[in-house]
Amino acid sequence: EKAGQWEKALEVFESMEGRGIAPDVYSFNAAITACKKGRQWEKALKLFGSMNKHALKPNNVTFSSIIGACKAGGQWEIALDLFESMKSCGVEPDAISFLDAISACEEGFQWEKALELLNKMSDYGLKENVNVYSTVIAACKSCGKWEKALELFNLMQSKGLAPDVPSYNAVIEALDSAQRFDEAVALILEARDKTFYAKQFSSTLRIDLHECSAAVARTALRAILMELKVGLRTPSEILVITGQGRHSEGEAVLPGVVRDFLRILPGPEMTEIPENPGRFVLTRDSVMEWLESQRVPGEIPRLRAPDEAGGSKCP
């Protein structure tokens, strides 16, 4: 069922009747899941519709697979219609079904519907979990609703749910889009204190951004520059890793985004590594020159905490 193998999985399924083997719910589920992984939503719907011919009733796994297949194919409206049809088919939605439906809301920029589904989970005796909250937050972020995203992020913690990296990513991206840079930096540093974003902050000599979204990459750089500016980080040479985008779908975005960010800010001058375009260096001299340019005339450099009253704004 891996990429490039979904056709083979379907061939096995379609050969069952020819060999006198009646497909059951489990084989249908496997075939629909193969369609999901191959982004073949129309084939998945055809299989789903043919279950009735075999006198088979779909279960939660079936619905999760078909909803996921439609979402993967960009058919978020059909995905939501399928979710709404579960009860009429005698299937009670479970937490996974809700998560799949909420994920379809994110795909379709339907943040209010995502929030409605989150609130509806308790009607079925289901408890919200971190994955569900993260997906609703991501739906809010996709629609530019940064205040609602932040509200949900705080709400999940008040309910005893500890945020994970996807939760932090979604809120940071929402804040970055709204140009709430200080709040985004505060969140990524809070996450760092919980040992998240280890690749980005585990060394003072390098920052690995190649698995980050553009917003998270910008925020991580802002955090480092802020710490340099207020004296919480010793100026040194910093290797910045963006990757070359070899694993990206389409044109690589991050290498250009990171470089453009530092040019426009402006940040320390970059020194390229010709043999590896997925990396560049901020030399110690360029960092020191940037710090000097940031100094307010007459200001005496001193060590201060980032949350100190009247503390610096993020660059």
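Residues numbered from 1 in each chain as written. Predicted model: local features only at pLDDT ≥ 70, side-chain atom pairs only at ≥ 80, totals over all residues. Heavy atoms only, no water.

At a minimum axis distance of 8 Å, the contact between helix 2 (residues 25-37) and helix 3 (residues 41-50) shows a crossing angle of 165 degrees. For the element pair helix 2 / helix 3, the angle class is roughly antiparallel. For the element pair helix 2 and helix 3, the recorded crossing hand is left-handed. In this structure, helix 2 uses Phe 28, Ala 31, Ile 32 and Cys 35 to contact helix 3, whose residues at the interface are Lys 43, Ala 44, Leu 47, Phe 48 and Ser 50. (Axes fitted to C-alpha atoms, helices over the stretch in contact; angles between N-to-C directions. Helix = DSSP H or I, 4+ residues; strand = E, 2+ residues; numbered from the N terminus. Parallel < 35°, antiparallel > 145°, perpendicular 65-115°, else oblique. Left-handed = near helix turned anticlockwise from the far one by under 90°. Contact = heavy atoms within 4.5 Å.)

By way of backbone hydrogen bonds, the strands of a sheet pair with one another, either parallel or antiparallel. Within the open sheet, the 4 strands sit side by side as 1-2-4-3. Their pairing is mixed. Here the strands that pair on one side only, and so sit at the sheet edges, are strand 1 (206-208) and strand 3 (271-272). For strand 1 and strand 2 (residues 238-241), the ladder comprises 3 bridges, and the chain directions are parallel. Paired with Asp 208 across the strands is Ile 241, a residue of strand 2. (Pairing = 2+ DSSP bridges.)

A separate point is the pattern of salt bridges. Taken as a whole and judged by the stated rule, the model has 15 salt bridges. Residue Lys 113 pairs with Glu 116 through a salt bridge whose shortest N-O separation is 3.2 Å. Within this pair, Lys 113 and its partner Glu 116 are both found in helix 7 (residues 111-120), separated by 3 residues, close to a single helical turn. According to the relative accessible area criterion, Glu 116 is partly exposed, its value standing at 39%. Between Glu 211 and Lys 199 there is a salt bridge, with its nearest N and O atoms 3.1 Å apart. One end of the pair, Glu 211, is in the loop between strand 1 and helix 13 (214-230); the other, Lys 199, is in helix 12 (residues 198-201), with 12 residues separating them in the sequence. The exposure class of Lys 199 is partly exposed, given its relative accessible area of 42%. Three or more residues joined by partner-sharing salt bridges are found here, namely Glu 84, Lys 113, Glu 116 and Lys 120. (Salt bridge = Lys/Arg side-chain N within 4 Å of Asp/Glu carboxyl O. Buried < 20%, exposed > 50% of the residue type's maximum accessible area, 1.4 Å probe, protein only.)

The next subject is the packing of aromatic side chains. Evaluated as defined, the whole model comprises 6 aromatic pairs. Ring centres of Phe 13 and Phe 28 lie 4.9 Å apart, and the angle between their planes is 65 degrees; on these two criteria the pair is classed as edge-to-face. Taken together, the residues span a long stretch of sequence, with Phe 13 in helix 1 (residues 6-14) and Phe 28 in helix 2 at a distance of 15 residues. Judged by its relative accessible area of 11%, Phe 13 is buried. Site record: aromatic cluster; members linked through ring pairs are Phe 83, Phe 98 and Tyr 124. Here Arg 192 stacks its cationic end above the ring of Phe 201, 5.3 Å away from the centre of that ring. Arg 222 extends its terminal NZ or CZ atom over the ring of Phe 181, reaching a point 3.7 Å from the ring centre. (Phe/Tyr/Trp six-rings, centres within 6.5 Å; stacked < 30°, edge-to-face > 60°. Lys NZ or Arg CZ within 6 Å of the ring centre and 35° of its normal.)

Below, the discussion takes up the nonpolar core. The biggest cluster of nonpolar side chains holds 90 residues, and the ones touching the most others in it are Ile 188 and Leu 209. Of all the elements, helix 13 adds the most residues to this core, at 10 residues. In contact with Ile 188, not counting residues within four places along its chain, are Ile 172, Tyr 197, Phe 201, Val 216, Thr 219, Ala 220 and Ala 223. (Core = buried A, V, L, I, M, F, W, Y, C linked by side-chain atoms within 4.5 Å.)

Of the two faces of strand 2, the one lined by Ile 238 and Val 240 and the one lined by Leu 239 and Ile 241 are each fully buried. This β-α-β element, strand 1 to helix 13 to strand 2, shows right-handed connectivity. In terms of strand pairing, strand 2 meets strand 4 (residues 279-282) through 4 bridges, oriented antiparallel. Residue pairing for strand 4: Leu 239 is matched across the bridge by Val 281. (Right-handed = clockwise from strand over helix to strand, strands pointing away.)

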